[in-house]
Amino acid sequence: RSSDLMQHVYDFYKPDLSSEYPVVDGKLSIECYFSALDQCYSVYRKKINEQQKRDEISKPFTLSEFQHMIFHTPFCKLVQKSLARLMLNDFLSDSSANTESGIYQGLEAFRGMKLEDTYSNKELEKALLKASQGVFNEKTKPSLLLSTQNGNMYTPSVYGCLASVLAQYSAQQLAGSRIGAFSYGSGLASSMFSLRVSQDTAPGSPLNNLLSSLSDLPERLEARKRIKPEQFADIMKMKEETHHLANYTPQGSVSDLAPGTWYLTQVDEKHRRFYSRRPPTEKEAVHQ
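Fair warning: this is a prediction, and the values are worked out from it, not measured in the lab.

Participant: I would appreciate a short explanation of the overall build of the protein in the present structure.
Facilitator: Within the protein one finds 11 helices and eight strands. Projected onto the principal axes, the alpha-carbon positions of the protein cover approximately 65 × 50 × 35 Å. Total accessible area on the protein is roughly 17,000 Å²; 53% of this is exposed by carbon and sulfur atoms.

Laid out in structure tokens, this is it:
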């Protein structure tokens, strides 16, 4: 099952294509993200509940059905707030939710609120973050391994979170689990969907091979080269100066690139781009 939402909004966009950098309306962008999350989750739950009704399952779908929940991750605090919003959606949909104990404890004062009125409510946010902390630690925090160390990866963000989960659990732990995913792109387009992990944990199975290919992810993060801020600023300055250049050959060494990395070798006079690749490691080559 999946749900999708598209809207026309100027939350994060590039009106000047000669510049590498976008124009960002930060407050609007966060509100758009939360609104898209709410709407996608609402439709996703509706589809699941309709299917469960046909299967004569009376229990309504909630966040508890996901063993893991991953998100597009501009920054990690937004993800924690997003997981809390899913809990809020479940809470507001359940008129009999227990607020004396359990996961909804402390939320009674917010029972009658409308979702569209909650985006900037700091008291609600504080209560939600407290109530959802345990669920966040269990279902979402492991997915932030890459994002915590790399920052915003933009397009591959949600799949970086998926890789983070797969790198930290065994096939036996993941087998049969449902992983919920929320993907978001400014402008905006968003989707919520779920992945069901295979039950086949045998040696040589696709699941085992996939997990094996990601098992060294923490070590690869530790192997990154540290540079001084001034050197990083110089790299970014060179990137700005060469943006959109034609008939251009990139400068610099590729020796610091990880094995298997594709890199730009030339942009010709017609802006056609050419690439080469560093040889992959023996392990990476086996999994390709």
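Anyway, onward from the coordinates.
Participant: Help me out: how do you make sense of the packing of aromatic side chains in this one?
Facilitator: Two numbers describe a pair of aromatic rings. These are the distance of the centres and the angle of the planes. All told, the structure shown has 10 aromatic pairs when counted by the stated rule. With centroids separated by 5.1 Å and ring planes inclined at 50°, the aromatic side chains of Y33 and Y184 adopt a geometry described as tilted. Taken together, the positions of Y33 in helix α1 (residues 26-54) and Y184 in strand β5 (residues 178-185) put the pair 151 residues apart, joining distant regions of the chain. Neither Y33 nor Y184 differs from the other in exposure class; each is buried. For the ring pair Y44 and F61, a centre distance of 5.6 Å and an interplane angle of 70° mean the geometry is edge-to-face.

Participant: How should I be thinking about the packing of helix α2 (residues 76-93) against helix α3 (residues 122-131) in this particular structure?
Facilitator: The relative placement of two packed helices comes down to the angle between their axes together with the axis-to-axis distance. At their nearest, the axes of α2 and α3 sit 9 Å apart, and the two run at 90° to each other. With respect to α3, the axis of α2 lies roughly perpendicular. Across from K77, Q80, K81, A84, M87 and L88 in α2, the residues of α3 making contact are L124, E125, L128, L129 and A131. Within the contact of α2 with α3, the residues separate by chemical class into seven nonpolar, one polar and three charged.

Participant: Looking at this structure, I do not really get the pattern of salt bridges. What am I missing?
Facilitator: All chains considered together, the criterion is met by 12 salt bridges. The closest approach of N and O atoms between D216 and R220, which form a salt bridge, is 3.8 Å. By relative accessible area, which is 24% here, D216 ends up partly exposed. In this structure, R272 and D268 form a salt bridge, with 2.7 Å as the shortest nitrogen-oxygen distance. D268 gets classed as buried once you look at its relative accessible area, which sits at 5%. One salt-bridge network, held together by shared partners, links K81, K122 and E125.

Reading guide: rules and limits
- Residues numbered from 1 in each chain as written.
- Predicted model: local features only at pLDDT ≥ 70, side-chain atom pairs only at ≥ 80, totals over all residues.
- Heavy atoms only, no water.
- Helix = DSSP H or I, 4+ residues; strand = E, 2+ residues; numbered from the N terminus.
- Areas by Shrake-Rupley, 256 points an atom, 1.4 Å probe, with all protein chains shown as cover.
- Phe/Tyr/Trp six-rings, centres within 6.5 Å; stacked < 30°, edge-to-face > 60°.
- Buried < 20%, exposed > 50% of the residue type's maximum accessible area, 1.4 Å probe, protein only.
- Axes fitted to C-alpha atoms, helices over the stretch in contact; angles between N-to-C directions.
- Parallel < 35°, antiparallel > 145°, perpendicular 65-115°, else oblique.
- Contact = heavy atoms within 4.5 Å.
- Nonpolar A, V, L, I, M, F, W, Y, C, P; charged D, E, K, R; others polar.
- Salt bridge = Lys/Arg side-chain N within 4 Å of Asp/Glu carboxyl O.

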